[in-house]
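# Examination of the molecular architecture
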Amino acid sequence: MPNENPGVLVVGGSTVGLCTALFLSRAGIPCTVVERHHAPPAHPRAMGIGPRTVEILRAVGLADAVDAQCVDMTGSGLQMFAAPTLADADLDEEARRTPPRDDAYAGLTPQSLRGTCPQGRLDRVLIGAAREAGARIEFGTELRDLTQDEEGVTARVADGRGAREIRARYLVAADGARSGVRDRLGIGTSGPGVIGDPLISVLFRADLSALTRGHTFVVCDITTPEAPGGLLPVDGDTEWIYHFRYPRASGTKAADFTPERCAERIRAALGRDTGVTPEVVSILPWQVRGLVADRFRSGRVFLAGDAAHAIPPVGAFGMNTGVADAHNLAWKLAQVLHGTAHEALLDTYEAERLPVARSALEQSTLRLKDPSLHWATGPEGRARRAAAGALNAPVVHLGYRYASAAVLGAGAEPPSTEDVARNLDGAPGSRLPHRWLPGEEGVRSTLDLVDGRFTLLTGPTGTSWLDALDKAAASLGGVPADGHRIDDGAWTAEAGIRDSGALLVRPDGFVAWRAESLDPAPEACLERVLSALLARP
């Protein structure tokens, strides 16, 4: 007989799996995570945390803790530049000719991070927070098999103590691009698949301060024919990543790149006359892949993160798309498991996230062919993206919209491929517009008002909506809901409502429904709306 009964079993204990567990546990859902590796990997993988992920981390109280783990790029942080070797790079000149960082998200989001953050550091913050919220996280535990029926999922797992069964109502597979769960379910994929030659990522330690001269950067593209590759800071001080491709057709294997060979190549990339002796810490072979699962759900099993979509690294769309998967799915699972929503609500996970994943893959693949589509700014950048069919990065991160049964009145495609502010207009399916609001507890963002529950925001003369919300939520068995009046006419105009209108925002911060003005029967109106959003008959 199964000896454990969490509400949700998560397979995969990296960022997306950990986020899923954290969000579910905070919503009061018992959750267990199993991860086959014995510890979080020390070797950094993803480095860029996007603005939507920062908003999600802020919503669970972790944005400041993650910011403390970031490389501090608030001073002379450079983006991407190229040089034959790091010693050949004139970083002072690079800094002089690099315009001040244009914060594309200023005024659109409440918080930003000070720089890049290695994924392992992010994961350690998530592990502590998820466990504190009540999640059970088991490293060194491998999924061996799973079956499902009308009531739940039975997973057979094994660790150093032997095999056992875990019985859960639902299972979330966050087990990576080569997902064993996806294969067991027979879910196919589409997309380019393996892209280009394989790569080697080397984590090394070295004091490069004499070469960087106080400057930080996202990536230095090393162009010397002797050792072409990319150099990235891990801690902004003495830990670095150097990655490079090797030709598949040559017969070279990943095992051929010994620590000695990698150290020699790093010396060439840094500049042989520098006298730097790198200490190779770990070597990680990897392969760029581009794929999206044909389905994100099979019965009581859901795919998330790389198991659902493997996105090339250019643009930092991969991990961030996965975190948004977890955020989207968790509130829906919580509503169903708490009995406030019908199980049909879970169908909207695939309906909403699959189009976003396909767009992220398309945009990253375009950038892989031409990185300038990502970095170029001004009229030239807009023209290049328009010619290539590329979206501006802020639109990819924040400007997408959902169209599903969990959005009422979803409209057409977002109005702009370049200006994300135009897409954050309060339309159903879009992310709630951010605005700072003064209050007794200090200044808060409108996004801060959405605390994992349905939230009704109304204008200065829409107070009747707030009374109606409490009654409508109670009549539906206590749907978690809250309401706030915003005495800011500029915000109501930005949100597309009159002073008596209202936005109903989902627990994940996306607008579910919009009323331009006060309804004659607001309680009945909201009861109908909530029932429809929660797929209740």
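Rules of the game
Residues numbered from 1 in each chain as written. Predicted model: local features only at pLDDT ≥ 70, side-chain atom pairs only at ≥ 80, totals over all residues. Heavy atoms only, no water. Salt bridge = Lys/Arg side-chain N within 4 Å of Asp/Glu carboxyl O. Helix = DSSP H or I, 4+ residues; strand = E, 2+ residues; numbered from the N terminus. Buried < 20%, exposed > 50% of the residue type's maximum accessible area, 1.4 Å probe, protein only. Core = buried A, V, L, I, M, F, W, Y, C linked by side-chain atoms within 4.5 Å. Contact = heavy atoms within 4.5 Å. Axes fitted to C-alpha atoms, helices over the stretch in contact; angles between N-to-C directions. Parallel < 35°, antiparallel > 145°, perpendicular 65-115°, else oblique. Left-handed = near helix turned anticlockwise from the far one by under 90°. Nonpolar A, V, L, I, M, F, W, Y, C, P; charged D, E, K, R; others polar. Pairing = 2+ DSSP bridges. Phe/Tyr/Trp six-rings, centres within 6.5 Å; stacked < 30°, edge-to-face > 60°. Lys NZ or Arg CZ within 6 Å of the ring centre and 35° of its normal.

All right, on to the pattern of salt bridges then. In total, this model carries 34 salt bridges according to the counting rule given. Where E418 meets R385, a salt bridge forms, and the shortest distance between an N and an O atom there is 2.7 Å. One end of the pair, E418, is in the loop between α13 (393–398) and α14 (420–423); the other, R385, is in helix α12 (residues 378–388), and 33 residues separate them in sequence. The buried category is assigned to E418, whose relative accessible area is 18%. Through salt bridges with shared partners, a single network forms among R136, E138, D159, R161 and R164.

In terms of nonpolar packing, the biggest core is built from 108 residues, with V8, I49, L171, V181, L333 and F454 touching the most fellow members. A per-element tally of this core places helix α9 (residues 318–337) first, with 10 residues. Not counting residues up to four positions away in its chain, the partners in contact with V181 are V11, L143, L146, L171, A173, D175 and V301. Within the second largest apolar cluster, 28 residues are counted, among which are V202, A206, C220 and F244.

This part is about unusual backbone geometry. Even without being a glycine, R213 presents a positive backbone phi close to 50°. Here R213 is to be found in the loop between α7 (209–212) and β11 (217–222). A relative accessible area of 38% places R213 in the partly exposed class. Although it is not a glycine, A535 adopts a positive phi angle of roughly 60°. Here A535 lies in the segment after α17 (522–533).

Our next topic: the packing of helix α2 (residues 51–59) against α9. Axes are the key here: two packed helices are described by the angle between their axes and the distance separating the axes. In the contact formed by α2 and α9, the axes pass within 9 Å of each other and the chain directions differ by 40°. Classified by the angle their axes make, α2 and α9 are oblique. In this structure, α2 meets α9 at a crossing whose hand is left-handed. Residue-level inspection shows R52, T53 and I56 of α2 in contact with α9, the latter providing N320, V323, A324 and H327. Residue composition of the contact of α2 with α9, by class: 3 nonpolar, 3 polar and 1 charged.

Attention now goes to the sheet that holds strand β7 (residues 162–168). In spatial order, the strands read β5-β6-β7; together these 3 strands make up an open sheet with antiparallel pairing. In this open sheet, the two strands that pair with only one neighbour each are β5 (142–148) and β7. Averaged over neighbouring strand pairs, the angle between their axes works out to 20° when direction is ignored. Pairing between β5 and strand β6 (residues 153–159): 6 bridges, direction antiparallel. Across the sheet, residue T147 finds its bridge partner in β6, namely T154.

Bringing the packing of aromatic side chains into the picture now. In this description, a pair of aromatic rings is defined by centroid distance and the angle of the planes. Enumeration over the complete set of coordinates arrives at 13 aromatic pairs. Measuring from centroid to centroid gives 5.2 Å for F244 and F257, while their planes differ by 65°, and the two rings are edge-to-face. Of this pair, F244 sits in strand β13 (residues 239–245) while F257 is found in the loop between β13 and α8 (259–270), placing the two residues 13 residues apart along the sequence. An identical accessibility class is assigned to F244 and F257; each is buried. Their ring planes at 25° and their centres at 5.7 Å tell us that Y400 and F510 sit as a pair that is stacked. With Y400 in the loop between α13 and α14 and F510 in the loop between β23 (502–505) and β24 (511–515), the pair connects residues that are 110 residues apart, well separated along the chain. On the basis of relative accessibility, which here comes to 2%, the residue F510 falls in the buried class. Three or more aromatic residues link up through ring pairs in this structure, and these residues are Y170, F296, F302 and Y349. Here R265 stacks its cationic end above the ring of F244, 4.0 Å away from the centre of that ring. In this structure, R300 is placed above the aromatic ring of Y170, and the distance from its NZ or CZ to the ring centre is 4.7 Å.

Here the focus is the environment of F257. Residue class for F257 comes out buried when judged on its relative accessible area of 6%. It is 9.9 Å that separates the C-alpha atoms of F257 and Y246, two residues lying 11 residues apart in sequence. Residues in contact with F257, not counting those within four places in the same chain, are I200, F244, Y246, T252, C262 and I283.

Here we have 6 strands laid out as an open sheet, ordered β4-β2-β1-β8-β17-β16, and mixed in their pairing. Edge strands, defined here as strands with exactly one partner in the open sheet, are β4 (136–139) and β16 (297–298).

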